[in-house]
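Chains, contacts and geometry: an overview
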Amino acid sequence: MNIRKHIPNTITCLHLTAGCISIVMALNGQFLWALLWIILAGILDFCDGFAARLLHAYSNIGKDLDSLADMVSFGAAPGMIMFSLLREASIYLPWGYLNEYIPYTAFIIPAFSCLRLARFNNDTRQSTSFIGLPVPAHALLWSSAAYSMLPVLAHHTAIWIPVILVLFTLTSLLLVSEIPMFSFKIQSLTWKGNELRYILVVCAVFFVLFFDFLGITGTIILYILLSIFNNKRS
C-alpha cells in the first residue's frame, strides 16, 4: 500500500472537516471561531495542493474531493455565517413579516460558489491564474466582514442590511465573472513578474496589524482591485 499518495486527500478531508466545524460555530453565533476555522481550511487547502505537487500524488478523486471540500468550507460555511448574522440582525428591522425571510438571501453565496467550482473544474484557461474571484477569497471576505460588522449592525441595522445584501450579491457575481484574477502559483521568487503578489502580501500584513480581522476584508478587496488594474494594464 502506497501511503504517500493518500496524504493530499487526507489533508483535503481535514480541510472539509474544518469547514464543517465553521458551520457549527456560525449556527451557534460564534463568528470569530467560524472565521478562524475558515482560515484553517484555507491553509489546509493550500497544503493539500502543495503536497500533491511535492509527492506527485495527483488523481481524479483528489481533484473532485478538493472541489467538494471547497464547497463546504468556502461555499456553505460563509453562507451560514451570513445567514446567522442576518438572522440576529433582522429582528431589529422595521419591515414586518419580511424580516424572517431576509437571512435566507445569504444562500446566494453557496449557490454562486457551487457554480464557480463547477466552472473551474471544466475551464482549461485557469491552470496558472483565475477567471473570476476564487471561492476561498470570497469566503474570507465575508467571514471576516461578518465578524467585524457585529458592533455596527447592533446600532445601525436598518441602514446596513440593505447595503450588505447588495454587496454580497455583487461579490457573488464576481465568482462567475470573466474578470482575470492573478493567483499565487509562482514560478520564482524574483520581483519581476510577482510585483502584485508582493504588494498584496505586504499590504495584507499592515492591514491585519492595524485593522485586526477587518484587515482580511481589506486585503481581499485590494486583491480584486489589483487584479482589475492588472487586467487593464495588460
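The present account deals with the structure reproduced in this document. What you see is a predicted model; the values in this text were computed from it and never measured.

**Focus: the overall build of the protein**
- From N to C terminus, the protein includes eight helices and two strands.
- The globule rule puts the C-alpha radius of gyration for 234 residues at 17 Å, and the 18 Å found for the protein is close to it.
- Principal-axis analysis of the C-alpha atoms places the extent of the protein at approximately 60 × 45 × 35 Å.
- Evaluated residue by residue, the protein yields a buried proportion of 44% over its 234 residues.
- Intrachain contacts of the protein at a sequence separation of at least 6 include 75% that bridge at least 24 residues.
- Here the protein has roughly 12600 Å² of accessible surface; of this, 72% comes from carbon and sulfur atoms.
- Distance between charge centroids for the protein: 10 Å, based on 13 positive and 11 negative side chains.

**Section: the packing of helix α2 (residues 31-55) against helix α3 (residues 60-90)**
- For the pair α2 and α3, interaxial distance at closest approach is 11 Å and the crossing angle is 165°. Classed by the angle they form, the pair α2 and α3 counts as roughly antiparallel. The two elements α2 and α3 meet at a crossing, and its hand is left-handed. Seen from α2, the contacting residues are F31, A34, L35, I38, A41, G42, D45 and D48; seen from α3, they are D66, D70, S73, F74, A77, P78, I81, S84, L85 and E88.
- Looking at the contact of α2 with α3, its residues break down into ten nonpolar, three polar and five charged.

**A short note on the side chain of S113**
- Looking at where S113 falls in the secondary structure, it is placed in helix α4 (residues 108-121).
- Among residues more than four places away in sequence, those in contact with S113 are M71, F74, G75, V135 and L175.

What counts and what doesn't
Counting from 1, residues in each chain are numbered in the order their sequence is written. Whole-chain, interface and lining totals are the exception, using all residues; otherwise, since this is a predicted model, local features are given only for residues with pLDDT of at least 70 and side-chain atom pairs are given and counted only at 80 or more. Each side-chain value is worked out from all heavy atoms of the structure, with water and hydrogens disregarded. Note on conventions: DSSP H or I runs of at least 4 residues are helices, E runs of at least 2 residues are strands, and numbering of each starts at the N terminus. Radius of gyration here uses only the C-alpha atoms, and the compact-globule reference equals 2.2 Å multiplied by the residue count raised to the power 0.38. Using a 1.4 Å probe on the protein chains alone, a residue whose accessible area is under 20% of its type maximum counts as buried, one over 50% counts as exposed, and one in between counts as partly exposed. Should any heavy atoms of two residues lie within 4.5 Å, those residues are counted as being in contact. Note on areas: these come from Shrake-Rupley sampling with a 1.4 Å probe, and a residue is covered only by the protein chains present in the view. Positive: Lys, Arg. Negative: Asp, Glu. His and the chain ends are not part of the count. For charged residues, the charge sits on one atom: NZ in Lys, CZ in Arg, CG in Asp, CD in Glu. All axes here are fitted lines through C-alpha atoms, helices being fitted over the stretch that makes contact, and every angle between N-to-C directions spans 0 to 180 degrees. Any angle that is under 35 degrees is reported as roughly parallel, and any over 145 degrees as roughly antiparallel; angles of 65 to 115 degrees are reported as roughly perpendicular and all others as oblique. A crossing counts as left-handed when the near helix is turned anticlockwise from the far one by less than a right angle, and as right-handed when that turn is clockwise. Residues are grouped as follows: Ala, Val, Leu, Ile, Met, Phe, Trp, Tyr, Cys and Pro are nonpolar; Asp, Glu, Lys and Arg are charged; all remaining types, including Gly, are polar.

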